[in-house]
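Residue-level listing of the chains:
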Amino acid sequence: MMPAKNAYWIHDTVKDSNYLNGVKVLPRCKCSNCGYVSNYEKPVCPSCGAKIVGSKTAGETEDGE
Ligand SMILES: [Zn+2]
C-alpha cells in the first residue's frame, strides 16, 4: 500500500467588503492533491486518502512545488 500523501484544503474566496481584507473565505474547499471538493474541512480527503495538514485560500500563492 502506498503511504498516504499530505495535502491541504484550498478554500474558495469571494470579495466581500464586510471583511477586513475584503475577502470572505468560504467553508467549501478543494483537495490540493486530487481536486476533490468538500463542503467543509475534513482530516483526510475522502477521495484520494491524503492526510490534510493545513488549508489555504485560493488567493494565496504557492511557493515552490
Ligand atoms: Zn484528495
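Residues numbered from 1 in each chain as written. Predicted model: local features only at pLDDT ≥ 70, side-chain atom pairs only at ≥ 80, totals over all residues.

1. Some details on the overall build of the chain
Next, step 1: When helices and strands are counted, the chain shows 0 helices and 4 strands.
Next, step 2: Along its sequence from the N terminus, the chain presents helices and strands in the succession β-β-β-β.
Next, step 3: Classification of the 65 residues of the chain by burial places 14% in the buried group.
Next, step 4: Within the chain, counting contacts between residues at least 6 apart in sequence, those at least 24 apart form 41% of the total. (Helix = DSSP H or I, 4+ residues; strand = E, 2+ residues; numbered from the N terminus. Buried ≥ 20, exposed ≤ 12 C-beta atoms within 10 Å, placed from the backbone. Contact = placed C-beta atoms within 7 Å.)

2. Focus on the nonpolar core
Next, step 1: Of all hydrophobic cores here, the largest spans 8 residues; its members are Ala7, Tyr8, Trp9, Ile10, Cys29, Cys31, Cys45 and Ile52.
Next, step 2: Counting residues per element, the ones that place at least two in this core are strand E1 (6-15) and strand E2 (23-31).
Next, step 3: Considering every element that reaches this core, the biggest residue donor is E1, with 4 residues.
Next, step 4: Setting aside chain neighbours within four positions, we find tryptophan 9 in contact with Cys29, Lys30, Cys31, Glu41, Ile52 and Ser55. (Core = buried A, V, L, I, M, F, W, Y, C linked by C-beta atoms within 7 Å.)

3. Details of the sheet that holds E1
Next, step 1: Strands sit in the order E3-E2-E1-E4 across an open sheet of 4 strands; the sheet is mixed. The sheet is open, and its two edges are formed by strand E3 (37-38) and strand E4 (51-57), each paired on a single side.
Next, step 2: In the sheet, E1 pairs with E2 via 6 bridges, with the strands oriented antiparallel. Each residue of the ladder has a partner; that of lysine 15, found in E2, is valine 23. (Pairing = 2+ DSSP bridges.)

4. Thoughts on the environment of serine 47
Next, step 1: Positionally, serine 47 belongs in the loop between E3 and E4.
Next, step 2: Classification of serine 47 by C-beta neighbours within 10 Å gives partly exposed; the count is 13.
Next, step 3: Linking serine 47 and valine 37, residues 10 residues apart in sequence, is a C-alpha distance of 9.1 Å.
Next, step 4: What serine 47 contacts, discounting residues up to four positions off in sequence, is Cys31, Cys34 and Tyr36.

5. Some remarks on the pairing of E1
Next, step 1: Bridging between E1 and E4 involves 6 bridges; their strand directions are parallel. Bridging across to E4, asparagine 6 finds its partner in lysine 51.

6. Points about the environment of isoleucine 10
Next, step 1: For isoleucine 10, the position within the fold is in strand E1.
Next, step 2: Classification of isoleucine 10 by C-beta neighbours within 10 Å gives buried; the count is 20.

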